[in-house]
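A closer look at the structure
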Amino acid sequence: QAICTAFGMPPEFAAWFEAIARRPRWKLFAALAEARVAGGGFLYTEGSDAWLGAAGMLAEFRGRGGQRALMALQIREAGTAGYSRIFTETGEPVGEDANPSLENMRRSGFRQIASRVNYAAPA
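Just so you know, these numbers come straight off a predicted model, no measurement behind them. (Residues numbered from 1 in each chain as written. Predicted model: local features only at pLDDT ≥ 70, side-chain atom pairs only at ≥ 80, totals over all residues. Heavy atoms only, no water.)

**Some remarks on helix α2 (residues 13-21)**
What sets the pattern is the α-helix's 3.6 residues per turn: residues three or four places apart point alike. If you check which residues of α2 are buried, you get Ala14, Phe17 and Ile20. Each buried residue of α2 lies within a common arc of 120° when the element is viewed along its axis, so the set occupies one face. The secondary structure elements touched by the buried residues of α2 are α1 (2-7), β1 (26-33), β2 (36-46) and β3 (49-57). (Buried < 20%, exposed > 50% of the residue type's maximum accessible area, 1.4 Å probe, protein only. Helix = DSSP H or I, 4+ residues; strand = E, 2+ residues; numbered from the N terminus. Arc of directions from axis to C-beta. Contact = heavy atoms within 4.5 Å.)

**Digging into the pattern of salt bridges**
If the charged atoms of two oppositely charged side chains come close together, the side chains can form a pair. Taken as a whole and assessed by the stated rule, the structure comprises seven salt bridges. The residue Arg36 makes a salt bridge to Glu60 at a minimum N-O spacing of 3.0 Å. Of this pair, Arg36 sits in strand β2 while Glu60 sits in the loop between β3 and α3 (66-80), placing them 24 residues apart in sequence. Overall, Glu60 belongs to the partly exposed group, its relative accessible area being 44%. (Salt bridge = Lys/Arg side-chain N within 4 Å of Asp/Glu carboxyl O.)

**Looking at the side chain of Gln74**
Of note, Gln74 is situated in helix α3. Sequence-distant contacts of Gln74, that is, excluding residues within four places in its chain, are made with Phe29, Gly41, Phe42, Leu43 and Leu52.

Written as C-alpha cells, this is what we have:
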C-alpha cells in the first residue's frame with residue numbers, strides 16, 4: 001500500500017504488488033519509520049543481473065534518507081547473493097524540476113547508460 005500511495009496509484013494496485021512479491025526471483029523490501037511502513041521497493045533477479053525497482057517513500061517520510069538506505073540494502077543483498085550487474089531506472093528531470101530518486105541512484109554509484117521517451121495517452 002505504501003508504494004501505491006507514494007506513486008499516486010489506486011489502492012487496488014496494492015494486491016498486484018503483493019502478488020509480485022510472492023513470485024520467484026522477486027523480493028520486496030519495506031522501509032520502516034516511526035513504527036510504520038514508510039515505503040518500499042523490489043529486487044528482481046535473473047541470471048547474473050539484479051534490478052531495483054518500484055522504490056517509493058510516503059510523502060511524510062521523504063527527505064530523511066529512507067530511499068537511499070533502502071537502495072543500499074537492496075544493493076548489498078544483490079551483491080551478497082552474487083549478482084554481478086545491478087540495474088535500476090527512474091524518470092529524468094524535466095526543465096528545472098529535481099528528481100531525488102535519480103540523485104539517490106547517482107549517490108549510490110549508479111551511472112546512466114540509456115534514456116527513453118515515455119508517451120502519455122491522450123486525455
